[in-house]
Amino acid sequence: MLDTFIQMFSYSFMLRAVIVGVLVALCSALLGVTLVLKRYSMIGDGLSHVGFGALCLALAMNVAPLAISVPVVVIAAFLLLRISENSKIKGDAAIALISSTALALGIIVTSMTTGINSDVNGYMFGSILAMSTTDVYVSIILSAFVLVLYVVFYNKIFAVTFDENFARATGTKTGMYNTLVSLLTAITIVIGMRIMGAMLISSLIIFPALTSMRVCRSFKSVVVTSAIVSIICFFIGLFISFAFSMPAGASVVAVNAITFGIFSILGIAKRKLS
């Protein structure tokens, strides 16, 4: 096992995947706690579909994927929030409306241009081989942006997460901070699609938060545990992927699912003993 671990880090593409993957896992875990508690966790799935449509458009135009996908997904996140808040189309319905439309447009553009080639397949299901050095630098910058803003506005995000009406009554600009969370989620989704794929990236947002909530009760402990669980699960999933030649995204999701089951059992045992 040790030899396999050392061999894994001897490849430059694995180092790139680890760097970006850890950053994405950390960002996803932090934001996931807020999204799950606000019952808005499926926004990750919706935005990943929008990202896939944008990436297909970028490939058809032969331009840098991130240059197209980042602004498109950010705009979609803003629209999702506005549609959900200010119309009769709420939550999951708004997500389904935008995500299915974007996915359909992406498939239409792909079928009329490049076809379902390896690039498109990689974006749909993830590919650690697709990470270039430029992608790593851009991902590090964007991830740092997400983490810094989350830390700076942690208290406001906490207030908006637990009691939005009270936060609004105390003068907190809840709309602005909801938009901030959506913006940070959109950036994280786009960064993570390279490794996890559009079909699986939302799992990085949902699983760590739900897993930590099985045994933790305070917001801070859930956030910290979620971050730790997310990073560890990513490392294990990536190692399994390398050792057994399995898809990276699917391996990471499988490890997260197993961890969720273990924590669920621990949570039940903890409640019975207390």
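This text goes with the structure placed above it.
These numbers were taken from a predicted model, which means no experiment stands behind them.

S.K.: What's the story with the packing of helix H2 (residues 12–37) against helix H11 (residues 202–213) in this structure? I'm lost.
M.R.: Each packed pair of helices is defined by two parameters, the angle between the axes and the distance between the axes. At their nearest, the axes of H2 and H11 sit 7 Å apart, and the two run at 65° to each other. Relative to H11, the element H2 lies roughly perpendicular. H11 is crossed by H2, and the crossing has right-handed handedness. Here Val24, Ala25, Ser28, Ala29, Gly32, Val33, Leu35, Val36 and Leu37 of H2 come into contact with H11, specifically with Leu204, Ile205, Ile206, Pro208, Ala209, Leu210 and Met213. Taken together, the residues of the contact of H2 with H11 break down into 14 nonpolar, two polar and no charged.

S.K.: Hey, could you run me through the pattern of salt bridges in this one?
M.R.: Opposite charge on two side chains makes pairing possible when the charged atoms of those side chains draw close. Counted according to the given criterion, the structure contains two salt bridges. For the salt bridge of Lys38 with Glu164, the shortest nitrogen-to-oxygen distance reads 2.9 Å. One end of the pair, Lys38, is in the loop between H2 and helix H3 (43–61); the other, Glu164, is in helix H9 (residues 164–169), and 126 residues separate them in sequence. The class of Glu164 is partly exposed, set by a relative accessible area of 22%.

About the thresholds
Residues numbered from 1 in each chain as written. Predicted model: local features only at pLDDT ≥ 70, side-chain atom pairs only at ≥ 80, totals over all residues. Heavy atoms only, no water. Axes fitted to C-alpha atoms, helices over the stretch in contact; angles between N-to-C directions. Helix = DSSP H or I, 4+ residues; strand = E, 2+ residues; numbered from the N terminus. Parallel < 35°, antiparallel > 145°, perpendicular 65-115°, else oblique. Left-handed = near helix turned anticlockwise from the far one by under 90°. Contact = heavy atoms within 4.5 Å. Nonpolar A, V, L, I, M, F, W, Y, C, P; charged D, E, K, R; others polar. Salt bridge = Lys/Arg side-chain N within 4 Å of Asp/Glu carboxyl O. Buried < 20%, exposed > 50% of the residue type's maximum accessible area, 1.4 Å probe, protein only.

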